[in-house]
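Coordinate analysis (summary)
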Amino acid sequence: MKSSLDAIFSALSDPTRRAILGRLAHGKATVAELADPFELSQPAISKHLKVLEQAGLIRSGREATSRPRELEPDALKKISDWIGDYRRFWDQSFDRLDGYLSKVQGYEDDKSGD
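Residues numbered from 1 in each chain as written. Predicted model: local features only at pLDDT ≥ 70, side-chain atom pairs only at ≥ 80, totals over all residues. Heavy atoms only, no water.

Concerning helix α2 (residues 15-24)
Heads up, the rule is: When a residue's accessible area, from a 1.4 Å probe over protein chains only, is under 20% of the maximum for its type it is buried; when over 50% it is exposed; and in between it is partly exposed. Each helix is a run of H or I in the DSSP string that is no shorter than four residues. Each strand is a run of E no shorter than two, and both are numbered from the N terminus. As used here, the arc belongs to the directions running from the helix axis to the C-beta atoms. Note on contacts: a residue pair is in contact if any heavy atoms of the two residues lie within 4.5 Å. Counted as a polar contact is a pair of N or O atoms within 3.5 Å, where, for protein atoms, one must be capable of donating a hydrogen and the other of accepting one, and residues adjacent in sequence contribute only when both atoms are in side chains.
Turning to α2, its buried residues number three or more, namely Thr16, Arg17, Ile20, Leu21 and Leu24. Projection of α2 onto a plane perpendicular to its axis shows the buried side chains occupying an angular sector of 140°, all on one side. Against α1 (4-12), α3 (31-35), α4 (42-54), β1 (58-60) and β2 (69-71) lie the buried residues of α2. Capping of α2 at its N-terminal end is provided by Asp14; its side-chain oxygen lies 2.8 Å from the backbone amide nitrogen of Thr16.

Shown next as structure tokens:
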């Protein structure tokens, strides 16, 4: 069984699904509204929505006769937290590199001033 992060990143690997999430970032939308900007049938969009729902990235609601979809913030937080761990790693790496370059630059400045 896939971990939740594996399912999330697998779902995000498709540009259509990323575009759907981008649209849902602006608010709820029905399948018809989500299908509109794509040259895809509603069944094809529904398959994309199913993948996003199974990954926990979106959820469907119920309003009268429609079932609008909306973003699921918990899954987006999982992604943000995971990326945050790597962001700290890169920030620390860049800080060390910056320190090293400053040291080397200082050495070069001292050397040229002799």
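Description of the confidence of the model for the protein chain
Caution applies to low-pLDDT parts of the model: their predicted coordinates are not meant to be read in detail. Keep this limit in mind: Confidence of the predictor at the level of single residues is captured by pLDDT, which takes values from 0 to 100.
Of the residues in the protein chain, 91% reach a pLDDT of 70 or more, and the chain-wide mean stands at 87. Mean pLDDT values for the elements of the protein chain range from 84 in helix α5 (residues 73-112) up to 96 in α2.

Let's talk about a nonpolar patch on the surface
Stated formally: A patch consists of residues whose relative accessible area exceeds 30% and which take part in no salt bridge; residues with like charges are grouped when within 9 Å of each other, and nonpolar side chains (Val, Leu, Ile, Met, Phe, Trp, Tyr) when within 5 Å. Throughout, the Shrake-Rupley method with a 1.4 Å probe supplies accessible areas, and for residues the shown protein chains are the sole cover considered. Any carboxyl oxygen of Asp or Glu within 4 Å of a side-chain nitrogen of Lys or Arg constitutes a salt bridge here.
A contiguous nonpolar surface patch, about 1,100 Å² in accessible area, is contributed by Phe9, Trp82, Ile83, Tyr86, Phe89, Trp90, Phe94, Leu97, Tyr100, Leu101 and Val104. In terms of residue count, the dominant contributor to the nonpolar patch is α5 (10 residues). With respect to the helices and strands, Trp90 occurs in helix α5. Classification of Trp90 as partly exposed rests on a relative accessible area of 46%.

Considerations on the nonpolar core
How we decide: In plain words, nonpolar cores are sets of buried Ala, Val, Leu, Ile, Met, Phe, Trp, Tyr and Cys residues tied together by side-chain atoms within 4.5 Å.
Residues Leu49, Leu52 and Leu57 are the most contacted members of the largest nonpolar core, which totals 19 residues. Secondary structure elements with two or more residues in this core: α1, α2, α3, α4 and α5. Residue contacts for Leu49: discarding those within four places in its chain leaves Ile20, Val31, Leu34, Ile58 and Arg69.

Observations regarding the domain arrangement of the protein chain
Test applied: For every domain, the bounds stem from an assignment made automatically or drawn from a database. Put simply, buried area is how much 1.4 Å-probe accessible surface two parts lose in total, over both of them, once they are put together.
Per the domain assignment, the segments making up the protein chain are domain 1 (5-73) and domain 2 (75-112). Summarising the inter-unit geometry, the C-alpha centres of domain 1 and domain 2 are found 36 Å apart. With nine residues of domain 1 at the interface, the matching set in domain 2 holds six residues. In total, about 650 Å² of surface goes out of reach between domain 1 and domain 2, with carbon and sulfur atoms giving 82% of it.

A word on the environment of Thr16
On the secondary structure map, Thr16 appears in helix α2. Given the relative accessible area of 16%, Thr16 is considered buried. Spatially, the C-alpha atom of Thr16 lies 8.7 Å from that of Ile45, the residues being 29 residues apart in sequence.

A short note on α1
Every α-helix carries 3.6 residues per turn, so stepping three or four residues along brings you back to the same face. The complete set of buried residues in α1 reads Ile8, Ala11 and Leu12. Looking straight down α1, one finds that the buried residues subtend no more than 100° of arc, so they occupy a single side.

What about the packing of aromatic side chains?
Quick note on the threshold: Classification of ring pairs uses Phe, Tyr and Trp, with its six-membered ring standing for Trp, and accepts pairs whose centres are within 6.5 Å; under 30 degrees between planes counts as stacked, over 60 as edge-to-face, and the remaining range as tilted.
If you walk through the whole model with that rule in mind, you get four aromatic pairs. On the numbers, 5.2 Å between centres and 75° between planes, the contact of Phe89 with Trp90 is edge-to-face. Owing to a relative accessible area of 42%, Phe89 belongs among the partly exposed residues under this scheme. Arranged with centres 5.8 Å apart and planes meeting at 35°, the rings of Trp90 and Phe94 form a pair that is tilted. Within this pair, Trp90 and its partner Phe94 are both found in helix α5, separated by four residues, close to a single helical turn. Linked through ring pairs, Phe9, Trp82 and Tyr86 together constitute an aromatic cluster.

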